[in-house]
Amino acid sequence: MTRAGRQDAITLRLPASRAFSDLPRVGLAALLRIHRIDPGDIGDLAASLTETAREMAGGDSDVVVEFRVTDSEVTVDLTGDGRTIRISSRRT
């Protein structure tokens, strides 16, 4: 678990290709394991992440994925195709 006030962040850059669109889900799974978060607690986050990454990866620009884990929340910011989308889930 993270210490109070600390947040862990990881950035992933994907080329503009749907072939790489599953990598953000793999990164999220690794973070869940490291932080011992039950995947059932944030199940909708993984589905939304995969869908959004596929949509953005189909554009003409790279997709930057920033994962953040705090004591109370997991957030993922996806930037690409001229926009940024934040997906988050409270930790229980």
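From a predicted model like this one, the values you see are computed outputs, not experimental measurements.

Here the focus is unusual backbone geometry. A positive phi angle is found at Arg36, which is not glycine, with a value near 55 degrees. With respect to the helices and strands, the residue Arg36 is situated in the loop between helix H1 (23-34) and helix H2 (43-57).

A few words now on the environment of Gly59. Mapped onto the secondary structure, Gly59 falls in the loop between H2 and strand E2 (63-69). Along the sequence, Gly59 and Asp77 sit 18 residues apart, while their C-alpha atoms lie 17 Å from each other. Residue contacts for Gly59: discarding those within four places in its chain leaves Ala16 and Asp81.

Under the definition given, this model contains 5 salt bridges. Residue Asp22 is joined to Arg54 by a salt bridge in which the shortest nitrogen-to-oxygen separation is 2.9 Å. Here Arg54 lies in helix H2 and Asp22 lies in the loop between strand E1 (8-14) and H1, a separation of 32 residues in the sequence. The class of Arg54 is partly exposed, set by a relative accessible area of 38%. One salt-bridge network, held together by shared partners, links Glu66, Arg68, Asp77 and Arg86.

This next bit is on the pairing of E2. Most of E2 sits out of view: 5 of its 7 residues are buried. For E1 and E2, the ladder comprises 7 bridges, and the chain directions are antiparallel. Directly across from Ala9, in E2, lies its bridge partner Arg68. The hairpin formed by E2 and strand E3 (residues 73-80) contains 3 residues between the paired strands.

What follows deals with the nonpolar core. Judged by nonpolar contacts, the single largest core of 19 residues is most densely connected at Leu28, Val63, Val65, Phe67, Val74 and Leu78. Counting only elements with at least two residues in this core, the list comes to H1, H2, E2 and E3. Element by element, the count of residues in this core is highest for H2, at 5 residues.

Rules behind the numbers
Residues numbered from 1 in each chain as written. Predicted model: local features only at pLDDT ≥ 70, side-chain atom pairs only at ≥ 80, totals over all residues. Heavy atoms only, no water. Helix = DSSP H or I, 4+ residues; strand = E, 2+ residues; numbered from the N terminus. Contact = heavy atoms within 4.5 Å. Salt bridge = Lys/Arg side-chain N within 4 Å of Asp/Glu carboxyl O. Buried < 20%, exposed > 50% of the residue type's maximum accessible area, 1.4 Å probe, protein only. Pairing = 2+ DSSP bridges. Core = buried A, V, L, I, M, F, W, Y, C linked by side-chain atoms within 4.5 Å.

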